[in-house]
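# What the coordinates show
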Amino acid sequence: MTLKEMLDSLDAVVRMVSASLSSRNADALEKSSGRLRDAMMAFSELARRFGADDWTDELRQRARTLGEQMSLQRDQLARMSVVAQHQAQALVPQVAGGDATYGRNLYGQPHGGPGRARIYHAKS
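Residue indices begin from 1 for each chain and proceed along its sequence in written order. Two thresholds apply to this predicted model, a pLDDT of at least 70 for residue-level local features and 80 or more for giving and counting side-chain atom pairs, whereas whole-chain, interface and lining totals are computed over all residues. The basis for every side-chain value is the complete set of non-hydrogen atoms in the structure, without hydrogens or water.

### With respect to the side chain of Gln73
Relative to the helices and strands, Gln73 resides in helix H4 (residues 57-91). Ignoring sequence-local partners within four residues, the contact set of Gln73 consists of Val14, Val17, Ser18, Leu21 and Leu36. Helix and strand definitions here come from DSSP, where helices need a minimum of 4 consecutive H or I residues and strands a minimum of 2 consecutive E residues; each element is numbered from the N-terminal end. Residues count as neighbours in contact if any of their non-hydrogen atoms are within 4.5 Å of one another.

### Here we look at the packing of helix H1 (residues 3-23) against helix H2 (residues 26-44)
When two helices pack together, you describe them by how their axes are tilted relative to each other and by the distance separating the axes. As a packed pair, H1 and H2 sit with axes 9 Å apart at the nearest point and diverge in direction by 155 degrees. As judged from the angle between their axes, H1 and H2 are roughly antiparallel. Both H1 and H2 take part in a crossing whose hand is left-handed. Contact residues: H1 offers Met6, Leu10, Val13, Met16, Val17, Ser20 and Leu21, while H2 offers Ala28, Leu29, Ser32, Arg35, Leu36, Ala39, Ala42 and Phe43. The angle between two axes is taken between their N-to-C directions and runs from 0 to 180 degrees, where each axis is a line fitted to C-alpha atoms and a helix contributes only its stretch in contact. By the definition adopted for this analysis, an angle is roughly parallel if under 35 degrees, roughly antiparallel if over 145, roughly perpendicular if from 65 to 115, and oblique otherwise. Working rule for handedness: look at the near helix, and if it is turned counterclockwise from the far one by less than a right angle, call the crossing left-handed; if clockwise, right-handed.

### Examining H4
Expected span of a helix: the number of residues minus one, times 1.5 Å. In a regular helix each residue adds 1.5 Å, so 35 residues correspond to 51 Å; H4 covers 51 Å between its end C-alpha atoms and thus fits that length. Leu59, Ala63, Leu66, Gly67, Met70, Gln73 and Leu77 are the residues of H4 that are buried. In this structure, the buried residues of H4 make contact with H1 and H2. For every residue, the accessible area (1.4 Å probe, protein chains only) is compared with the maximum for its type, and the residue is labelled buried under 20%, exposed over 50%, or partly exposed between those bounds.

### A few points about the nonpolar core
What is meant by a nonpolar core is a set of buried Ala, Val, Leu, Ile, Met, Phe, Trp, Tyr and Cys residues, joined one to another through side-chain atoms within 4.5 Å. Among the nonpolar cores identified, the biggest contains 19 residues, and Leu3, Leu7, Leu46 and Trp55 are the most heavily contacted of them. Listing elements by their share of this core, those giving two or more residues are H1, H2 and H4. Setting aside anything within four residues of it in sequence, one finds Leu3 in contact with Leu46, Phe50, Asp54, Trp55 and Leu59.

### As for the packing of H2 against H4
Direction vectors running N to C along H2 and H4 enclose 145 degrees, while the axes themselves pass 11 Å from each other. Every pair of crossing elements has a handedness; the one defined by H2 and H4 is left-handed. Within the contact between the two elements, H2 uses Leu29, Ser33, Leu36, Ala39, Met40 and Phe43 and H4 uses Ala63, Gly67, Met70, Ser71, Gln73, Arg74, Leu77 and Met80. Grouping the amino acids of the contact of H2 with H4 by side-chain chemistry returns nine nonpolar, four polar and one charged. In this classification, the charged set is Asp, Glu, Lys and Arg, the nonpolar set is Ala, Val, Leu, Ile, Met, Phe, Trp, Tyr, Cys and Pro, and all remaining amino acids, among them Gly, are polar.

### Re the layout of surface pockets
Approximately 250 Å³ is the volume attributed to the largest pocket. Contributing elements (two or more residues each) for the lining of the largest pocket: H2 and H4. Here the lining of the largest pocket gets five residues from one element, more than from any other, and that element is H4. A breakdown of the residues in the lining of the largest pocket according to their chemical character gives six nonpolar, two polar and two charged. Cavity and pocket criteria rest on a 1 Å grid covering protein atoms alone: a 1.4 Å probe that fits but cannot get out defines a cavity, protein on both sides within 12 Å along at least 5 of 7 lines defines an open pocket, and an atom within 4 Å of a point defines a lining residue. Grid points are joined across faces, edges and corners, and a volume is the space filled by probe spheres set on the points.

As structure tokens, this is what we get:
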């Protein structure tokens, strides 16, 4: 694959990620996140894979632009992930004190004293 073909492939990924970011479709965002990660790995290999004589000024500028776009998209995906996590935590809050709801005193230790609900002290 030539350098130009590699850049064309990376450009296609950038456009796909951009479209999925605009749509905010969860499945599309998940797929594009993986593809963006793979594209960034491929982008990092460009300098090693192609020699200095393969790079023209136009291709250097194009690669620079693609790198900036992928970096911005990665940041946008990270922000959207954090927002989604906060929204999920607001809808389904996590219990901070373990899995027991009743039968614990102020310090989180099980207590058997008179503070227990009366039903547990009832005698038959």
